[in-house]
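Next come the chains, spelled out residue by residue.
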Amino acid sequence: MEKCREIVPGISLRVFRSEATASSTLVAERFEKRHDNVLRDIENLKKECPEEFWLLNFEERDYIDERGKTYPSYEMTRDGFSLLTMGFTGSKAVQWKTDFIKAFNAMEDELRRYQAAGLRLDSPILVDALFDGQVSVFTAKQIQDFTPEEQQQILEVPKREIARTIKNLKMLKTGGQAATASQTGNNEWYTPSEWIERARQAMGTLDVDPASSEVAQQTVQASEWYDQGRDGLQQDWHGNVWLNPPYARGLIDSFIQRLVEQFQSGIAKQAIVLVDNRTDTRWFQVLCSIASAVAFTK
């Protein structure tokens, strides 16, 4: 669920489908009406207004009350809100209408600023990151073309690591991670979730990820995993192994050799290894000597 944001005192709006919206629960609370009566008014509007207007300006969504029970509610655009509250009268109602209009204006001004900068605002997690100040507009533009899972992965790393994580994911998508890592010494990148899921489907389980990190495990979710601190090279890799090794010279050779040893001893039963197509290297040739298949991505 997209976050509510208090734009003016007492008025919290959401960004839904790239537009500012108000909830029917908030309208009921501020205008001192029973929510079921507000829902009834909205349903009556549905019968009377054109279908196109309805679909553009009202969205039914569930909400959970303080007792944990689920009830229907609606998210409304400015036009939907205006149509609903047109008949609400009294001095308090006029004041709340004015406050809602101020809130819509402020939120829509901010959304227009983002859209003018080239942002699509179709990702709730990215919108939240923008409004929370977690990322700049420049960084958000770099993130918006990633999948929702990749966006989540990027935004969960420390702020100082976001730029490097974006760079690593882009390299992974273009197949350039190994060469760059060998030149820069950077060994930290994360595998897109769809590749992880394909590996999980192929082997059934991911039992060990010996060259990993806490951030990577949010996607990989292996039963056992090791990072630099626990040194996967000193551990046994039991069962089905997922290996995306560090690409620095010497390290990748060590991880490939360790996999060969674990496989030949029967400790590792299956493995899928994500590496670049460096067919001229010794480690690639060693890996191919035990591989049952080699797949090249497009």
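Keep in mind the model is a prediction, meaning the values are calculated, not measured. (Residues numbered from 1 in each chain as written. Predicted model: local features only at pLDDT ≥ 70, side-chain atom pairs only at ≥ 80, totals over all residues. Heavy atoms only, no water.)

Caption draft 1: Region of the structure containing the overall build of the protein chain. Looking only at helices and strands, the protein chain features 14 helices and nine strands. The C-alpha radius of gyration computed for the protein chain amounts to 26 Å, which surpasses the reference 19 Å derived for 298 residues by more than 25%, pointing to a less compact arrangement than a globule. Oriented by its inertia axes, the alpha-carbon framework of the protein chain measures out at about 80 × 40 × 35 Å. Out of the 298 residues in the protein chain, the part that is buried amounts to 44%. Considering only residue pairs separated by 6 or more positions, the protein chain has 55% of its internal contacts joining residues 24 or more positions apart. (Helix = DSSP H or I, 4+ residues; strand = E, 2+ residues; numbered from the N terminus. Rg over C-alpha atoms; globule rule 2.2 N^0.38 Å. Buried < 20%, exposed > 50% of the residue type's maximum accessible area, 1.4 Å probe, protein only. Contact = heavy atoms within 4.5 Å.)

Caption draft 2: Expanded view of the packing of aromatic side chains. In this structure the tally under the stated criterion is eleven aromatic pairs. Note on Phe 81 and Phe 100: the rings are 4.5 Å apart at their centroids and 25° apart in plane angle, and the pair reads as stacked. On the criterion of sequence distance, the pair formed by Phe 81 in helix 4 (residues 78–85) and Phe 100 in helix 5 (residues 91–116) is long-range, its members being 19 residues apart. The residues Phe 81 and Phe 100 share a single accessibility class, namely buried. A ring pair is formed by Tyr 114 and Phe 131, whose centres lie 5.6 Å apart and whose planes are at 90°; its orientation type is edge-to-face. With Tyr 114 in helix 5 and Phe 131 in helix 6 (residues 124–131), the pair connects residues that are 17 residues apart, well separated along the chain. The buried category is assigned to Tyr 114, whose relative accessible area is 3%. Phe 131 gets classed as partly exposed once you look at its relative accessible area, which sits at 21%. (Phe/Tyr/Trp six-rings, centres within 6.5 Å; stacked < 30°, edge-to-face > 60°.)

Caption draft 3: Quick peek at helix 13 (residues 251–264). Under the 1.5 Å per step criterion, the end-to-end length of helix 13 is 20 Å for 14 residues, consistent within 8% with the ideal 20 Å. Taken together, the buried positions of helix 13 are occupied by Ile 252, Phe 255, Ile 256, Arg 258, Leu 259, Val 260 and Gln 262. Buried residues in helix 13 make contact with strand 8 (239–243), strand 9 (268–273) and helix 14 (282–290). Two residues or fewer after helix 13 comes Gly 266, characterised by a positive phi angle close to 90°. (Expected span 1.5 Å × (residues − 1).)

Caption draft 4: Helix 2 (residues 35–48), seen in detail. If you check helix 2, its first and last C-alpha atoms are 20 Å apart, about what 14 residues at 1.5 Å a residue would give, namely 20 Å. Every buried residue belonging to helix 2 is among His 35, Val 38, Leu 39, Ile 42 and Leu 45, and all of these are buried. Seen end-on, helix 2 carries its buried residues on one side only, within an arc spanning 115°. Of the exposed residues in helix 2, those oriented more than 90 degrees away from the buried face are Lys 47 and Glu 48. (Arc of directions from axis to C-beta.)

Caption draft 5: The sheet that holds strand 5 (residues 70–76), seen in detail. Read across the sheet, five strands follow the order 1-2-3-5-4 without closing on themselves; strand pairing throughout is antiparallel. This sheet does not close on itself; its edge strands, each paired only once, are strand 1 (5–8) and strand 4 (58–64). Ignoring which end each strand starts from, the neighbouring axes of this sheet average 45° apart. Lying on the sheet, helix 2 is in contact with strand 4 and strand 5; it crosses strand 5 at an angle near 55°. (Pairing = 2+ DSSP bridges. Axes fitted to C-alpha atoms, helices over the stretch in contact; angles between N-to-C directions.)

Caption draft 6: View of the pattern of salt bridges. Here the structure, examined in full by the defined rule, presents 21 salt bridges. The shortest N-O distance in the salt bridge between Glu 32 and Lys 92 comes to 3.6 Å. Here Lys 92 lies in helix 5 and Glu 32 lies in the loop between helix 1 (24–30) and helix 2, a separation of 60 residues in the sequence. By the burial criterion, Glu 32 is exposed, and Lys 92 matches it. With its nearest N and O atoms 3.2 Å apart, the salt bridge here joins Arg 120 to Asp 122. Looking at Arg 120, the relative accessible area reads 38%, which means it is partly exposed. Three or more residues are tied together by salt bridges with common partners; here these are Lys 3, Arg 5, Asp 128 and Asp 132. (Salt bridge = Lys/Arg side-chain N within 4 Å of Asp/Glu carboxyl O.)

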